[in-house]
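Residues per chain, in single letters:
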Amino acid sequence: MLKTRFLKKLNENILCVWKRLQSTTPNEKQSFRQRAWHAARQRYVNYEYVHYSSFLEYYLGQRNKFDQMNQAVFPPLEVITALQSDLASPNPPPYPPNWMDDYEFYAGASDGTGNIDSTHGTADATVPPSTVPCNGCGAHLHCANTSMPGYIPSEIFKGRTTTELQTITCQRCHFLKNYNIALDVEVPPSAYVETISRIQDKYALAIIIVDLLDFPCSIWPGMQQVIGSKRPVFLVGNKVDLLPRDCNSYLTHVKSCLKQQFIEHGGFNALNIKNVSLISAKTGFGIEELITQLHKVWAYKGDVYLVGCTNVGKSSLFNILLNSDYCRTEASELVRKATTCAWPGTTLQMLKFPILRPSDIRIYQRYKRLFAEREQRAALEKIRQEQAKDTGAVTSAQLIGTVGRTFDNRLEVDDAFAMSSGTQPIVTLNERKAEYREARWVYDTPGVMQPDQLTPLLTTQELLHLQPTKMLKPRAVRLPSKMSLLLGGLARVDLLECNRDWVKLFVFATETLPILIADTSAAELVYKRYLGTPLLGVPMSSGDETRLQRWPGLQCMDKDIVVNNGALDSIDDGKQLNCDIVLSSAGWLGLLMPENSECIMRVWTPQAAGIYVRKPALIPLADRLVGKHIRHSLAYNTSKPFVFQK
């Protein structure tokens, strides 16, 4: 009891000193601490109302990219913008020249003059469309309209047989795979729902995939009505390799949070959920366990559909299952991989592959392989953990897995190109063959755009900028009352009232998305002044003068968020985050409040979309993953995003 009172009194004294330092003016009689405080504040003299900027602190301060300048004061924004424009590489042309030469069947311009639209080729509406789907997105191939899914130029489409068309991808998939360029196509949102709703009357399993970095915003609220309320469901959380590790049992807590949020926002009953899995379609973690559960629970009862919102990783999971024990071995090389890209809506129609029947002997052979590999996997994981502890390398702590093949009786041809001997290469899967008549299939369905997702508002470059490539590293700040935190240009959080001087916030977002703290009274002015600049990052105005004009800005919720933290039952409770505030596709904030405290917050996002309070917090022990408080700053030092302890 005495220790608790002492700590409270000490905390009050520290806060009083901090406020006194903040309110004093510099003079010769000031102490060293007072002068140091004003020296820190003087760095932002060129940025009115701004108290902290992660871009200025880390990009300019720690990286020393502008060491020729006076580091005591951050240079004005005009100087930074001019220097960045000089260092920036020239933008590549929007469309690669001669891209149609990539196609085997392209023989030059069809009119004989060589005059051809280098962007889209020549459209010809008089040629009837085919019934052959694109290998990448599933849309039927045609040459009628450049803005419709499945388009390829008439120079390539005309005169092709069905067999030849089965080897071709549409222009949109070709650009996504080879040039990372997303072409606009006209697909109404109702078309996606109509495609998925076909499974309502079918006896099939739905594997619902959720982005663990963006839920509940990646849980579509109308999915129950579309696929049926009695549908058996496998709930799969993707991108688990990017979540910070705050304790040894963190995956169990993530599973519990995912299931709770899915029941609350997805409309499904807990009885619908037959299994909950955490995977990484990028590193292969959890895939073998998912296949084992599919064999155990679903077996060969019916078809399997991969469903979910856009950009959650359905096509990536489809591709990895295509080369696993879940796919018939001869089909793995005949079915082409689905198109994957950061841009949402890459799959426009259903793609599929046949499921390998899990007979008893096959299940036994698969078990023998996994059991033989278990010791090797455990030894490798132990080595990686030791490397992570010794070096702090994030890549060594990231979850990985290998997806092997137990059965490999694919058809081998001695010489597939020996046409004179009567042998012709098999390049496509003929699902009309007798062996596929009773087959069960895995379908990759088009993603449904969730209204709370910000992806439709962002360009391809901005989407790539926001996608984390390694484990998220929490960034912690102290947000005083009457101040606002801006997470790039995508979200803003105002601390309107608080019975404490500040609240500790943990920012879970990609490191490339800057943090800026300013006075709430001038937050709107600061947002307009620095939107489109490196201080806010996204949206990006480089190369497009109309980009900021098309940006909708930020709108707040109708109701403010009130967060309370009562008396603590134990000391450990004070180290756990109270809740998360989800900020749509931008990320989320974790709140750590002291005992008997209350705060009122106002949250802003574009169109006020995707704002949720998530309890319990997804990473409750995030305080272990940050460093000490930086003196005379609102920020804390960053640390490694993983620990190996209970």
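Here, every reference points to the structure presented above.
Throughout this description, residue numbers start from 1 for each chain and increase along the sequence as written. For this predicted model, a pLDDT threshold of at least 70 governs which residues receive local features, and a threshold of 80 or more governs which side-chain atom pairs are given and counted, while totals over whole chains, interfaces and linings are taken from all residues. As a rule here, side-chain values cover all heavy atoms of the structure and leave hydrogens and water aside.

Trainee: An account of the overall build of the chain is requested, with residue identities and associated values reported.
Mentor: Helix and strand counts for the chain stand at 17 helices and 20 strands. Counting every position in the chain, which comprises 646 residues, the buried fraction comes to 50%. Taking the intrachain contacts of the chain between residues at least 6 apart in sequence as the baseline, contacts between residues at least 24 apart amount to 76%. To be clear on the numbers: accessible area is Shrake-Rupley with a 1.4 Å probe, and residue cover counts the displayed protein chains and nothing else. Here the chain has roughly 31,300 Å² of accessible surface; of this, 51% comes from carbon and sulfur atoms. Runs of E in the DSSP output that reach at least two residues are strands. Runs of H or I that reach at least four are helices, and both are numbered from the N terminus. For the exposure calls, accessible area comes from a 1.4 Å probe over protein chains only, and a residue counts as buried if that area is under 20% of its type's maximum, exposed if over 50%, partly exposed in between. Throughout, a residue-residue contact means that at least one pair of heavy atoms, one from each residue, lies within 4.5 Å.

Trainee: Describe the side chain of Arg-231, with residues and values.
Mentor: Residue placement: Arg-231 occurs in the loop between helix 9 (223-227) and strand 3 (233-238). With no salt bridge to any partner, buried Arg-231 finds its closest opposite charge in Asp-201, at an N-O distance of 7.0 Å. In protein, a polar contact means a hydrogen-donor-capable atom and an acceptor-capable atom, both N or O and within 3.5 Å, with residues adjacent in sequence counting only if both atoms are side-chain atoms; elsewhere, any N or O pair within 3.5 Å suffices. Within the structure, the side chain of Arg-231 is placed 2.4 Å from the backbone oxygen of Ile-199, a separation counted as a polar contact. Of note is the side chain of Arg-231, whose polar atom sits 3.0 Å from the backbone oxygen of Ile-227. Under the counting rule used here, the positive set is Lys and Arg, the negative set is Asp and Glu, and His together with the chain ends is not counted. Within this document, salt bridges are pairs made up of a side-chain nitrogen of Lys or Arg and a carboxyl oxygen of Asp or Glu, the two lying within 4 Å of each other.

Trainee: Quick rundown of empty space enclosed by the protein? Include the residues and the values.
Mentor: Here the term cavity refers to a set of points on a 1 Å grid, laid over the protein atoms alone, in which a 1.4 Å probe fits but cannot get out; the term pocket refers to an open set having protein on both sides within 12 Å along at least five of seven lines, with lining residues being those that place an atom within 4 Å of a point. Grid points are joined across faces, edges and corners, and a volume is the space filled by probe spheres set on the points. Taken as a whole, this structure holds one cavity of 30 Å³ or more when the rule is applied. Considered as a void within the structure, the largest cavity measures approximately 40 Å³ in volume. Lining of the largest cavity is provided by His-295, Asp-325, Leu-356, Arg-357, Pro-358, Arg-362, Ile-363, Arg-366 and Phe-407. In terms of residues, the lining of the largest cavity owes the most to one element, helix 13 (residues 360-391), which gives three residues. Classifying every residue of the lining of the largest cavity gives four nonpolar, one polar and four charged. Basically, the charged four are Asp, Glu, Lys and Arg, the nonpolar ten are Ala, Val, Leu, Ile, Met, Phe, Trp, Tyr, Cys and Pro, and anything else, Gly included, counts as polar.

Trainee: Tell me about the packing of aromatic side chains, and please be specific about residues and values.
Mentor: The relative placement of two aromatic rings is captured by the distance of their centres and the angle of their planes. Centres within 6.5 Å make a pair out of two Phe, Tyr or Trp rings, where for Trp the six-membered ring is used; the pair is then stacked when the planes are under 30 degrees apart, edge-to-face when over 60, and tilted otherwise. For the coordinates displayed, the defined rule picks out 10 aromatic pairs. Between Tyr-47 and Tyr-530, the aromatic rings sit 6.0 Å apart at their centres with planes inclined by 45°, giving tilted as the arrangement. Of the two residues, Tyr-47 sits in the loop between helix 2 (32-42) and strand 1 (50-53) while Tyr-530 sits in helix 16 (residues 523-530), which places them 483 residues apart along the sequence. By definition, being over a ring means that NZ of Lys or CZ of Arg is both within 6 Å of the ring centre and within 35 degrees of the ring normal. In this structure, Lys-504 packs its charged tip against the face of Tyr-636, placed 4.2 Å from the ring centre.

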